[in-house]
Amino acid sequence: MIVKYIVAIVLFSIIILFHELGHFLLAKANNIRVNEFCLGFGPTLIGFTKGETKYSIKLLPFGGACMMEGEDSESDDERSFQKKSVWARISVVAAGPIFNFIMALAFSMIIIASLGVMKPVVGDVMEGYSAAEAGLQSGDEIVKLGSKNIHFYKEVSMYSLFHEGETVEVTFVRDGATLTATLTPTYDEESGRYLYGIYSEGVYTRVGPAKTLVYGVYDVKYWIQYTFKSLEMLVTGQVTVNDLSGPVGIVKTIGDTYEESLTDGYFYVFLNMLNIGILLSANLGVMNLLPLPALDGGRLVFLFIEVIRGKRISEDKEGMVHFIGLMCLFALMIFVMFNDVRKIFL
């Protein structure tokens, strides 16, 4: 029982550490003094100092930090964060989210190299639904829905989810010929979703090394789009903050997936953990790039304003904005954590 939570915390920690590693490596590359590189928050459990940097593991293993000299306060040290050029600071701040996308790409390529890709090929159509009425057949490969190019079958499901009830023009290839049809989804009571009436072929197709990289990029793009669409649903009220999951909920989801995957063998446990890692890493990259105070995206906003103005905004004013944002972020995290715990006992 406890093993699944250990696995979940380890995976979550690896993703956080890789994000902070991006900040750390670019800070070192720009000769910025890093005072501490840590995993977690709160009191230090284990720590050691090498050179000028303290490396530590904190009590609460949710989060991490790369603490640079002069990042959030004034410093006379010539190697402080604020003493560096604006482009050097931009590279350090942007490195965290970029490293998340790199990790997601690496995980995706491992899965694709191991299994192949499930292309958007029709396996069968459901009678009484739009796909059958429009003449789609087994073996047709869907290449576009509306203006969106399709590379995996799961993109068909995502399009249906985020465009519920909308009529769409589908472009597909049959025997080398490119054809089009119009699909109007029908609401299915049993699944509670709108369906086009398409069954996946369900076959994984092996691809070569070059295509593995290409499809890996497509896969990361898919998860980035999924994250943005989910945020759009949150903003428009289609989902609520009660549907959000924080570290507790994420750890539970990872743990449950680990437990359920054991029946298929450890190889599939490994692949499922990588798949969740892609989602979480891409999600963390996107969330950190949002232009909100205290997040990397909020810091980038101030840095790009500095580029445009040719001079910095007052450190006190910027610091106050980030402090307020941080307090709001902590309040949201506490609410989400409470909600996660509540869901566990429901």
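Please refer to the structure placed before this passage.
Predicted model only: the values in this text are computed from it and were never measured.

### Points about the packing of helix α5 (residues 209-235) against helix α7 (residues 266-289)
Phase 1: It is at 9 Å that the axes of α5 and α7 come closest, and there the two elements cross at 60°. The angle between α5 and α7 places the two elements in the oblique class. The interaxial crossing formed by α5 with α7 has right-handed handedness. Where α5 approaches α7, its residues Asp 219, Trp 223, Ile 224, Thr 227, Phe 228 and Leu 231 are matched on the opposing element by Ile 278, Leu 279, Ala 282, Asn 283, Val 286 and Met 287.
Phase 2: Of the residues assigned to the contact of α5 with α7, the class counts are nine nonpolar, two polar and one charged.

### Points about the packing of aromatic side chains
Phase 1: Inspection of the entire model under this criterion finds 14 aromatic pairs.
Phase 2: With centroids separated by 5.8 Å and ring planes inclined at 80°, the aromatic side chains of Tyr 215 and Tyr 218 adopt a geometry described as edge-to-face. Placement of the pair is Tyr 215 and Tyr 218 together in helix α5, with a separation of three residues, close to one helical turn.
Phase 3: Note on Tyr 222 and Trp 223: the rings are 4.9 Å apart at their centroids and 80° apart in plane angle, and the pair reads as edge-to-face. Per residue, the accessibility class of Tyr 222 equals that of Trp 223, and both read buried.
Phase 4: Put simply, the rings of Phe 24, Phe 37, Phe 48 and Tyr 55 pair up and form one aromatic cluster.
Phase 5: Between the NZ or CZ atom of Lys 154 and the centre of the ring of Phe 152, over which it lies, the distance is 5.4 Å.

### Here's the deal with the environment of Glu 20
Phase 1: Structurally, Glu 20 is set in helix α1 (residues 2-29).
Phase 2: Not counting residues up to four positions away in its chain, the partners in contact with Glu 20 are Phe 37, Gly 64, Ala 65 and Cys 66.

### Comments concerning empty space enclosed by the protein
Phase 1: Tallied over the entire structure, the rule returns one cavity of 30 Å³ or more.
Phase 2: Of the volumes computed, that of the largest cavity is approximately 130 Å³.
Phase 3: Surrounding the largest cavity, 13 residues form its lining, Gln 82, Arg 89, Leu 303, Glu 306 and Glu 318 being those nearest its centre.
Phase 4: Among the secondary structure elements, those contributing two or more residues to the lining of the largest cavity are α2 (86-115), α8 (296-309) and α9 (315-345).
Phase 5: Considering each element in turn, the lining of the largest cavity owes the most residues, four residues, to α8.
Phase 6: Residues that form the lining of the largest cavity fall into these classes: five nonpolar, one polar and seven charged.

The rules behind the values
Residues numbered from 1 in each chain as written. Predicted model: local features only at pLDDT ≥ 70, side-chain atom pairs only at ≥ 80, totals over all residues. Heavy atoms only, no water. Axes fitted to C-alpha atoms, helices over the stretch in contact; angles between N-to-C directions. Helix = DSSP H or I, 4+ residues; strand = E, 2+ residues; numbered from the N terminus. Parallel < 35°, antiparallel > 145°, perpendicular 65-115°, else oblique. Left-handed = near helix turned anticlockwise from the far one by under 90°. Contact = heavy atoms within 4.5 Å. Nonpolar A, V, L, I, M, F, W, Y, C, P; charged D, E, K, R; others polar. Phe/Tyr/Trp six-rings, centres within 6.5 Å; stacked < 30°, edge-to-face > 60°. Buried < 20%, exposed > 50% of the residue type's maximum accessible area, 1.4 Å probe, protein only. Lys NZ or Arg CZ within 6 Å of the ring centre and 35° of its normal. 1 Å grid on protein atoms, 1.4 Å probe; cavity = no way out; pocket = protein on both sides within 12 Å on 5 of 7 lines; lining within 4 Å. Points joined across faces, edges and corners; volume = space filled by probe spheres on them.

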